[in-house]
Amino acid sequence: AQRVTQPEKLLSVFKGAPVELKCNYSYSGSPELFWYVQYSRQRLQLLLRHISRESIKGFTADLNKGETSFHLKKPFAQEEDSAMYYCALRSTGNQFYFGTGTSLTVIP
Amino acid sequence: GAGVSQSPSNKVTEKGKDVELRCDPISGHTALYWYRQSLGQGLEFLIYFQGNSAPDKSGLPSDRFSAERTGGSVSTLTIQRTQQEDSAVYLCASSVGIGPYNEQFFGPGTRLTVL
């Protein structure tokens, strides 16, 4: 069965420190993975998708099929990165499966 | 232009009553999704519509839940005989089409409380 796991509910880092938000998935097919972000009092929005191999706001994520992971990384955290982050998987049937989210706090 | 809108923003109801939640997608978006977010949980896929195709209802948790999309635009999620476990934030999203390059745009959600 499809499953997305985000093991950390809460994560705090100091400004300027590296940050890594973990995401592991379980899926029998070829996965399509995404990171979504929700800033305080804003709507959920797409941050990045693995197929685009993009860097958004300094964040990157690499799909590791061997470890079934899609961790989100940023070398130098900023205060404005404080938000709720969700990892999501899209199935071939176009259903989306979301993790439970990680609340990131960047300490000034 | 306007984003995805949902109404009401908050709904408090009594156990056993029926509720209707409305979603207005972005104009021109052919795909529309409903999700449920319960306290401490991630987003749970409920249903999605794509154009004129039959909706994918595989995520609906019980037959008390139903949804329709009229004219390929506005969608209504109906919960019959509400239960306390239905209390959650219900999110709607729309996208131009389906596929990994089609970004979902989310609405602000409807917070449902069943007393």
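Conventions used here
All residue numbers here refer to positions counted from 1 along the written sequence of the relevant chain. Chains carry letters from A onward and ligands carry numbers from 1 onward, assigned in written order. Two thresholds apply to this predicted model, a pLDDT of at least 70 for residue-level local features and 80 or more for giving and counting side-chain atom pairs, whereas whole-chain, interface and lining totals are computed over all residues. With hydrogens and water stripped out, all remaining heavy atoms of the structure feed into the side-chain values. Working rule for contacts: check all heavy atoms of both residues, and any pair within 4.5 Å makes them a contact. Put simply, buried area is the surface a 1.4 Å probe can reach on two separate parts but cannot reach once they are joined, added for both. We call two N or O atoms a polar contact when they sit within 3.5 Å, provided that within protein one can donate a hydrogen and the other can accept it, with sequence-adjacent residues counted only if both atoms are side-chain atoms. Put simply, a nonpolar core is a bunch of buried Ala, Val, Leu, Ile, Met, Phe, Trp, Tyr and Cys residues held in one set by side-chain atoms that sit within 4.5 Å of each other. Note on exposure labels: buried denotes an accessible area under 20% of the residue type's maximum, exposed denotes more than 50%, and partly exposed covers the range between, all computed with a 1.4 Å probe on protein chains only. Only DSSP runs of H or I reaching four residues or more are called helices, and only runs of E reaching two or more are called strands; each is numbered from the N terminus.

Caption draft 1: Fine view of the interface of chain B and chain A. Contacts between chain B and chain A engage 23 residues on the former and 18 residues on the latter. With both chains or domains summed, chain B and chain A bury close to 1,800 Å², and 51% of this area falls on carbon and sulfur atoms. Taken as a group, Leu 43, Pro 100 and Phe 106 of chain B account for 32% of the area that chain B buries against chain A, more than any other trio of residues on that side. Inspection of the chain B/chain A interface yields seven residue pairs in polar contact (both at pLDDT 80 or more).

Caption draft 2: Main features of the nonpolar core. Within the largest apolar cluster, 25 residues are counted, with the highest numbers of intra-cluster contacts made by Trp 35, Leu 72 and Tyr 85 of chain A. Where this core is concerned, the elements lending two or more residues are strand E2 (10–14), strand E3 (19–21), strand E5 (32–38), strand E6 (45–49), strand E9 (83–90) and strand E11 (102–107) of chain A. With sequence-adjacent residues up to four places away left out, Leu 72 of chain A is seen in contact with Val 19, Glu 20, Leu 21, Trp 35, Leu 47, Leu 48, Phe 59, Thr 60, Ala 61 and Tyr 85 of chain A. With 20 residues, the next largest nonpolar core counts Val 19, Ile 26, Leu 46 and Tyr 90 of chain B among its residues.

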